[in-house]
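Architecture and fold: a report
Read off the chains here:
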Amino acid sequence: MKVVKPNKSDAVAIYRNEAFDSGFYQYFKNIDTNKISQVLNSTDRNVKFDTVTYRQLNSWEKEGLLTVQREGREWRRFSIMDAVWVKLIKELREFGMSREQLKTTKLSLEYETEKCGVAMPMLEFYTAFVVGAKMPVMLLVFKDGVAVPCSLTQYK
């Protein structure tokens, strides 16, 4: 199976409205002073995985599904956002998604990475909703791997 690179319209067509654009870009406007983003992306916490093996992490890193900054053979340090992504990889693999589909999912969640200054802006934006507003969020993952996080209101 070939990795499908989602185009801009695939990943965000569901969101295209002024309110979403305003909220999304406002959240990332001052990323250096955004406390929620700092907490979500900090590797200062000791994040551990009880259900993921080192072998799985090594495999996912080798396949390009994980991007963990480390020098040499030192321990990996994960942020909360990394932990959310690892949990998603594990769940989607158990659901039967291929690595190629997961790569497409990752590309979908990386929408506007360069502009926003974080690894997975779509995933972080909706994770901030879950944490800050205690709002339930769903991740719709289609057969080709394209992923679209959305609130219950957007889903309906």
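First, a word on what this report is: a plain description of the structure on this page. Model, not experiment: these values are computed from the prediction.

**Focus on the layout of surface pockets**
Each pocket or cavity is described by its volume, and for the largest pocket that value is around 460 Å³. Its residues assigned to classes, the lining of the largest pocket comprises seven nonpolar, four polar and seven charged. Roughly 400 Å³ of internal volume is contained in the second largest pocket. Lining the second largest pocket are 19 residues, and of these Asn 41, Thr 67, Ser 79, Asp 82 and Ala 119 sit closest to its centre. If you list the elements that add at least two residues to the lining of the second largest pocket, you get helix H5 (80-95) and helix H8 (121-133). With three residues, the top contributor of residues to the lining of the second largest pocket is H5. Here the lining of the second largest pocket is composed, by residue class, of nine nonpolar, five polar and five charged.

**Quick word on the nonpolar core**
Residues Phe 24, Trp 60, Leu 66 and Trp 85 are the most contacted members of the largest nonpolar core, which totals 31 residues. Ignoring sequence-local partners within four residues, the contact set of Trp 60 consists of Val 52, Leu 65, Leu 66, Val 86, Ile 89, Lys 90, Arg 93 and Arg 99.

**Brief notes about the pairing of strand E2 (residues 147-151)**
Burial analysis of E2 places five of its five residues in the buried class, the great majority of the element. Residues Ala 147, Pro 149 and Ser 151 point to one face of E2 and Val 148 and Cys 150 to the other, with burial holding for every one of them. With five bridges joining them, strand E1 (residues 137-141) and E2 adopt antiparallel strand pairing. For Leu 139, the partnering residue across the bridge sits in E2 and is Pro 149.

**Topic: the pattern of salt bridges**
A side chain with one charge can pair with a side chain of the opposite charge if their charged atoms come near. Summed over all chains, the structure comprises five salt bridges. Between Glu 94 and Lys 90 there is a salt bridge whose closest N-O contact spans 2.8 Å. Placement of the pair is Glu 94 and Lys 90 together in helix H5, with a separation of four residues, close to one helical turn. Look at Lys 90 and you get buried, because its relative accessible area is 14%. A salt bridge links Glu 110 to Lys 106; the shortest N-O distance between them is 3.7 Å. Note on Glu 110: relative accessible area 24%, which makes it partly exposed.

Rules used throughout
Residues numbered from 1 in each chain as written. Predicted model: local features only at pLDDT ≥ 70, side-chain atom pairs only at ≥ 80, totals over all residues. Heavy atoms only, no water. 1 Å grid on protein atoms, 1.4 Å probe; cavity = no way out; pocket = protein on both sides within 12 Å on 5 of 7 lines; lining within 4 Å. Points joined across faces, edges and corners; volume = space filled by probe spheres on them. Nonpolar A, V, L, I, M, F, W, Y, C, P; charged D, E, K, R; others polar. Helix = DSSP H or I, 4+ residues; strand = E, 2+ residues; numbered from the N terminus. Core = buried A, V, L, I, M, F, W, Y, C linked by side-chain atoms within 4.5 Å. Buried < 20%, exposed > 50% of the residue type's maximum accessible area, 1.4 Å probe, protein only. Contact = heavy atoms within 4.5 Å. Pairing = 2+ DSSP bridges. Salt bridge = Lys/Arg side-chain N within 4 Å of Asp/Glu carboxyl O.

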